[in-house]
Amino acid sequence: METDCTRDDLPVNGATAPLPDGTRLLHIGPHKTGTTSIQGALFAAKDLLPEHDVVFPAHSRHPMEAALAACARPAMMGDTAPTEKHWTRLLEQVEAGGRKTSVISSEFFADAEDDDTIARIVEQLGGERVHVLVTLRPLAKIMPSQWQQYVQNGLRMGYDNWLTHMLKKAPYEQPNPSFWRRHRHDRLVERWVRAVGAERVTVVVVDDRDRDGLMRTFEQLLGLPENLLQPVPDTANRSLTLAETEMLRNLNKEFRGNGLPDELYSKLVRNGAVMHMKNACSPSPEDVKIVTPEWAVEAAAEIGAEIARRIGDMGVRVIGDPGLLSAVPKTPALDGIPAPRISPEVAAQALYGALAAAAESPVRNTSPAKARTVHQTSSKELMRVLGHRCLKKLRRR
């Protein structure tokens, strides 16, 4: 279903009317709304797109560093800080596309929080040629995915406690102020409307029941042949199970409690243990899922209804059913859910991922430490020191 409050761009034969030729389509996410699948499909079709006067101007699936630099946002915990060069390089690639339609996609553009930053991004990308695309899913489906993603970036708070902070403890900014900046979707759309006008903003409500619906919508907006965009398997982007998330959350507590450097977390935990675990282990039907309690689902639905109402009043083009944003999914009884248990295979793969990352790129702890005996050294630090010594011996051989 397509809703257009201005009524000047109606669907043609049941399809979504394409954007004007030469548009620079800026897909800003936000997070957990199908961004990775679209980015993967566009990047896989990168060489075919120019035949249809469309370009995907990026050297990788997701130009995250460029988006972070443009929005003046920090990198993920322990990662190298993005610089203006990342953003400049992406702008140069966009310019190289000439009069072709360009697609720029990063969910981190949703993190831009002030009008001046958003206006600068729009102007540098082409001003009046820019059309902003926002993809939305119900908050009740976003919250568990976003929580486990925050855990992958060092969060130590449990899910129920996190929900309480996000939904009940004003001003609802701790421990993750980025959550409502991204997912108060009416305010997100409103910020970008102020920069480009309602006529150059399209909101797509993703229907999870239609697995290929988002791909087909992008094809229609870009004037591409049907089925040109295809999903690309990406196990590295799968969500963690509850047991995997809880294992990582408890590791985060130990990590912070021992004062280890963020660089170590980035290389050995997020890009080592977690990445290898995702790639090597597929969730099974027996794995316990992250379940949102009924009170939080209902609260999210109320917010979703307000979001849909406010977006509908803005005059932007809406593709899909806004009613999905306030739907209340059925939740299983929490007392009937078994306790999460991490399998030995999953634990082994996570440990191997950390060891492999350490072997490939040892991390130096730049913090000076006083001389201590073995008994005064924590087990984690002792394992790290021993590991480095073993690596040095192996390399000498």
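This text goes with the structure placed above it.
Everything numeric in this text was worked out from a predicted model, so none of it was measured.

Brief notes about the overall build of the protein
When its secondary structure is counted, the protein shows 14 helices and seven strands. Per-residue burial for the protein yields a buried fraction of 49% across its 397 residues. Here the contacts in the protein between residues at least 6 apart in sequence split such that 79% fall between residues at least 24 apart. Here the protein has roughly 19,900 Å² of accessible surface; of this, 52% comes from carbon and sulfur atoms.

Overview of the pairing of strand β2 (residues 24–27)
Residues Arg24 and Leu26 of β2 are buried on one face, and the alternating residues Leu25 and His27, pointing to the opposite face, are buried as well. Relative to strand β4 (residues 101–105), β2 runs parallel, the two being bridged by four bridges. Counted as the bridge partner of His27 is Ser105 from β4. Looking at chain direction, β2 and strand β5 (residues 130–136) are connected through four bridges and run parallel.

Topic: the packing of aromatic side chains
With the rule as written, the count across this model stands at eight aromatic pairs. Look at Tyr150 and Trp162: their rings are 6.1 Å apart centre to centre, the planes differ by 50°, and that puts the pair in the tilted class. Highlighted residues: Tyr150 in helix α5 (residues 139–151) and Trp162 in helix α6 (residues 159–168), separated in sequence by twelve residues. Comparing Tyr150 with Trp162 shows no difference in burial state: the two are buried. A ring pair is formed by Phe179 and Trp180, whose centres lie 4.8 Å apart and whose planes are at 80°; its orientation type is edge-to-face. Trp180 shares its class with Phe179; the two are buried.

Looking at the pattern of salt bridges
Applying the stated criterion to the full structure yields 18 salt bridges. Put simply, Arg182 and Asp111 hold a salt bridge, and the shortest N to O gap is 2.8 Å. A residue pair is termed long-range when its members are at least 10 positions apart, and Arg182 in helix α7 (residues 178–183) and Asp111 in the loop between β4 and α4 (115–125) qualify at 71 residues. Each member of the pair, Arg182 as well as Asp111, is classed as buried. In this structure, the salt-bridge partner of Asp262 is Arg256, at a minimum N-O distance of 3.1 Å. Residue classification places Asp262 among the partly exposed positions, given a relative accessible area of 32%. A residue is classified by how much of its surface remains accessible, and Arg256, at 36% relative accessible area, is partly exposed. Taken together, the shared-partner salt bridges connect Arg184, Asp186, Glu190, Glu306 and Arg310 into one network.

Structural notes on unusual backbone geometry
Here the residue pair Gly29 and Pro30 is connected by a cis peptide bond, since its omega of 10° sits within 30 degrees of zero. For the bond from Gln174 to Pro175, the omega torsion is 10°, close enough to zero to count as cis. Along the chain, the position of Pro175 falls in the loop between α6 and α7. A positive phi angle is found at Asn227, which is not glycine, with a value near 75°. Structurally, Asn227 is set in the loop between α9 (213–222) and α10 (242–257).

Quick notes on the packing of helix α11 (residues 262–280) against helix α13 (residues 344–360)
The contact between α11 and α13 brings their axes to 7 Å, and the two run at 135°. If you check the angle between α11 and α13, you find them oblique. Pair α11 / α13 crosses with right-handed handedness. Here Lys267, Leu268, Gly272, Ala273, His276, Met277 and Ala280 of α11 lie close against α13, whose contacting residues are Val346, Gln349, Ala350, Tyr352, Gly353, Ala354, Ala357 and Ala358. Among the residues making up the contact of α11 with α13, the classes are represented as ten nonpolar, four polar and one charged.

Things to note about the side chain of Arg200
Considering the arrangement of structural elements, one finds Arg200 in the loop between α8 (185–196) and β6 (201–205). Buried and without a salt bridge, Arg200 has Glu199 as its closest oppositely charged side chain, separated by 4.5 Å. Look past the residues within four positions of Arg200 in its chain and what remains in contact with it is Gly127, Glu128, Arg129, Val130, His131 and Val132.

Rules used throughout
- Residues numbered from 1 in each chain as written.
- Predicted model: local features only at pLDDT ≥ 70, side-chain atom pairs only at ≥ 80, totals over all residues.
- Heavy atoms only, no water.
- Helix = DSSP H or I, 4+ residues; strand = E, 2+ residues; numbered from the N terminus.
- Buried < 20%, exposed > 50% of the residue type's maximum accessible area, 1.4 Å probe, protein only.
- Contact = heavy atoms within 4.5 Å.
- Areas by Shrake-Rupley, 256 points an atom, 1.4 Å probe, with all protein chains shown as cover.
- Pairing = 2+ DSSP bridges.
- Phe/Tyr/Trp six-rings, centres within 6.5 Å; stacked < 30°, edge-to-face > 60°.
- Salt bridge = Lys/Arg side-chain N within 4 Å of Asp/Glu carboxyl O.
- Axes fitted to C-alpha atoms, helices over the stretch in contact; angles between N-to-C directions.
- Parallel < 35°, antiparallel > 145°, perpendicular 65-115°, else oblique.
- Left-handed = near helix turned anticlockwise from the far one by under 90°.
- Nonpolar A, V, L, I, M, F, W, Y, C, P; charged D, E, K, R; others polar.
- Lys, Arg positive; Asp, Glu negative; His and termini not counted.

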